[in-house]
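Next come the chains, spelled out residue by residue.
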Amino acid sequence: MDLVLRNAIVDAAAPTAVDVGVADGRIVQLGHGLAEAAREIDVEGRLVVPGFVETHIHLDKACILHRCKPERGTLDEAIAQARDAKAKFTADDVFERGSRALEKAILQGTTRLRTHVEVDPGIGLRGFEGIKRLADAYRWAVDIEICVFPQEGLTNFAGTEDLMRAALSQGATVVGAAPYTDTNPRAQIDRVFEIAREFDVDIDMHLDLGDSPDQMDVEYVCDLTERYRYGGRVAIGHVTKLSMIPPERFEPIAKRLADAGVAVTVLPATDLYLMGRGQRHSVIRGVLPAHQLTRRGVNCSLSTNNVLNPFTPFGDCSLVRIANLYANICHVGTREEMRECLAMVTDRSAQLMRLQDYGVAVGKLGDLVVLDCTSSDQAIAELATPLYGFKRGRMTFSRAPGELHRPSKSTT
Ligand SMILES: [Zn+2]
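Here the structure is a predicted model, which means the values were calculated and not measured. (Residues numbered from 1 in each chain as written. Predicted model: local features only at pLDDT ≥ 70, side-chain atom pairs only at ≥ 80, totals over all residues. Heavy atoms only, no water.)

*Asks:* Quick question: what am I supposed to make of the coordination of the zinc ion here?
*Replies:* In the first shell of the zinc ion, the protein supplies His56 (NE2), His58 (NE2), His206 (NE2) and Asn305 (OD1), at 2.0 to 2.3 Å from the metal. Bound by four donor atoms, the zinc ion shows angles of 85 to 172° at the metal and therefore irregular coordination geometry. Summarised as a motif, the one-chain spacing of the donors to the zinc ion is H-x1-H-x147-H-x98-N. You can see His56 sitting in strand S5 (residues 52-57) and its partner His206 sitting in strand S9 (residues 202-207), a full 150 residues away along the chain. Given the relative accessible area of 0%, His56 is considered buried. In this structure His206 comes out as buried when scored by relative accessible area, which is 3%. (Donors = N, O, S within 2.8 Å, 3.2 Å for Na, K, Ca; no water. Tetrahedral: all angles 85-135°; square planar, octahedral: opposite > 155°, others 65-115°. Helix = DSSP H or I, 4+ residues; strand = E, 2+ residues; numbered from the N terminus. Buried < 20%, exposed > 50% of the residue type's maximum accessible area, 1.4 Å probe, protein only.)

Below you can see the structure in the form of structure tokens.
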């Protein structure tokens, strides 16, 4: 075998340490006393996860905060400032900034990632080209899936759809949307479903991002998902409006999402930053309580979204931190709910992206991340540090646990 991790906790439900063996990029054995391997690490009872899965990040517009001047912190301002910055993007620039964000993500234990990439006549395919190069250059550490979408509107911006189609012909594997920036949101949703069906790709939309629950499109997306038998292939992100409705309205929508097979991605860092800007007190947070949806049969993920730009002036690309942030905002407190938060950046995210080879099990990819904790609830509650990462069995990063330097007895 190429790699054996000894004494690893791999299953939250069965906290007994086992050895994990990897050969030729895949997990080939789980058990006790595995034979020697080329590389062996005793992880001493620490939690091992199959890497974090980022379902929703924007690598093409990451790390542009120094080029922008957010003042109001609103969605409209963020879109306008990103649009101005985007006009000057080159493929090299996208690659360089994307690398910075991506290397942070790798060091935080992310092994799979879906990046949403903007195409329109303003940027053309320059962002897409930069991200494609990024995906090739970092394949040693992370698998990148490209979701192409119209940030500036689709039906109102001639030429955008042609560019989306071009990107889908040249390597994008998911089609996205941002209907709230379109002059005709429902028409954009219709077009995106048509494009998805034509190219036979999954859908991942920005949806219902706003400060009030008016004019929600979530049920319309559920209708189309059912009509076109696209259940399990549609995700919607943000859905902040769904956090602003009373239980009697929330319950039927949760059921619609579960029945239709529409997954939901919550993006707490961005939603916290952009929502409630019109209020002076008792400010709404706009973060959808995803764990209340998973309880009702909806698959959900938590993700980073934006990194150091006018949409989110923060970002270390740590999904443990995002899950912990979510847990704080959404009143998560029990061990079971903490475990669910970890699942929403690992197993549930993998399910959203329909990753067949993800998991710590024989036959799955040898993607493994060792966290400095012993249980999944502790990972979230205590923001466990990733100590080692492996992609297809090869080490991609490492860091030493923090160490106290106590004074010697004579000086105490
Ligand atoms: Zn987004």
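*Asks:* Please clarify how the sheet that holds S5 should be interpreted in this entry.
*Replies:* Strands in a sheet are paired, the pairing made by backbone hydrogen bonds, and the direction either parallel or antiparallel. In space, the eight strands of this open sheet follow the order S5-S6-S7-S8-S9-S10-S11-S12, with parallel pairing throughout. At either margin of the open sheet sits one strand with a lone partner, and together these are S5 and strand S12 (300-302). Geometrically, the sheet is characterised by an average inter-axis angle of 20° between neighbouring strands, direction not taken into account. Relative to S12, strand S11 (residues 262-266) runs parallel, the two being bridged by three bridges. Looking at the pairing, Thr265 lines up with Ser301 of S12. (Pairing = 2+ DSSP bridges. Axes fitted to C-alpha atoms, helices over the stretch in contact; angles between N-to-C directions.)

*Asks:* How should I be thinking about the sheet that holds strand S1 (residues 3-9) in this particular structure?
*Replies:* Pairing in this open sheet of seven strands is mixed, and the strands run S3-S2-S1-S4-S13-S14-S15 from one edge to the other. The sheet is open, and its two edges are formed by strand S3 (26-31) and strand S15 (394-398), each paired on a single side. With direction set aside, neighbouring strand axes in the sheet form an average angle of 30°.

*Asks:* Whenever I open this one, the pattern of salt bridges confuses me. Can you help?
*Replies:* Note on pairing: side chains with opposite charge can pair once their charged atoms come close. Tallied over the entire structure, the rule returns 39 salt bridges. The salt bridge partner of Arg335 is Asp377, with a shortest N-O separation of 3.1 Å. Here Asp377 lies in helix H13 (residues 376-381) and Arg335 lies in helix H11 (residues 335-343), a separation of 42 residues in the sequence. Connected through shared salt-bridge partners, Lys61, Arg83, Lys86, Glu118, Asp120 and Glu152 make up one network. (Salt bridge = Lys/Arg side-chain N within 4 Å of Asp/Glu carboxyl O.)

*Asks:* Looking at this structure, I do not really get the packing of helix H4 (residues 160-169) against helix H5 (residues 185-199). What am I missing?
*Replies:* The description of two helices packed together rests on the angle between their axes and the distance between the axes. At a closest axis distance of 11 Å, the pairing of H4 and H5 adopts a crossing angle of 30°. If you check the angle between H4 and H5, you find them roughly parallel. Seen from above, H4 lies across H5 with right-handed handedness. Seen from H4, the contacting residues are Glu161, Met164, Arg165, Leu168 and Ser169; seen from H5, they are Arg191, Ile195, Glu198 and Phe199. Considered class by class, the residues forming the contact of H4 with H5 number four nonpolar, one polar and four charged. (Parallel < 35°, antiparallel > 145°, perpendicular 65-115°, else oblique. Left-handed = near helix turned anticlockwise from the far one by under 90°. Contact = heavy atoms within 4.5 Å. Nonpolar A, V, L, I, M, F, W, Y, C, P; charged D, E, K, R; others polar.)

*Asks:* For this particular structure, what's the right way to read helix H10 (residues 319-329)?
*Replies:* Residues that lie three or four places apart on an α-helix share one face, since the helix turns once every 3.6 residues. For H10, every residue scored as buried is listed here: Leu319, Val320, Ile322, Ala323, Asn324, Tyr326 and Ala327. At the exit of H10 stands His331, carrying a positive phi of roughly 60°.

*Asks:* How should I be thinking about the pairing of strand S7 (residues 143-149) in this particular structure?
*Replies:* Each regular strand carries side chains that alternate between the two faces of the sheet. By the criterion of burial, S7 is predominantly enclosed, with seven of the seven residues buried. Side chains of S7 alternate between two faces, with Asp143, Glu145, Cys147 and Phe149 and Ile144, Ile146 and Val148 buried alike. Of the pairings in the sheet, the one linking strand S6 (residues 110-118) to S7 comprises seven bridges and is parallel in character. Its bridge partner lying in S7, His116 is registered against Cys147.

*Asks:* Would you take a moment to explain the packing of aromatic side chains for this structure?
*Replies:* The geometry of an aromatic ring pair is captured by two quantities: the separation of the ring centres and the angle between the planes. Counted under the stated rule, the structure contains five aromatic pairs. Plain terms: the ring middles of Tyr388 and Phe390 are 6.4 Å apart, the flat faces sit at 25° to each other, and that makes the pair stacked. The buried category is assigned to Phe390, whose relative accessible area is 1%. Counting every residue linked through ring pairs, the aromatic cluster contains Phe193, Tyr228 and Tyr230. Above the face of the Tyr228 ring, Arg227 is positioned so that its terminal group lies 5.9 Å from the ring centre. Above the plane of the ring of Tyr230 lies Arg233, whose end atom (NZ or CZ) is 4.6 Å from the centre. (Phe/Tyr/Trp six-rings, centres within 6.5 Å; stacked < 30°, edge-to-face > 60°. Lys NZ or Arg CZ within 6 Å of the ring centre and 35° of its normal.)

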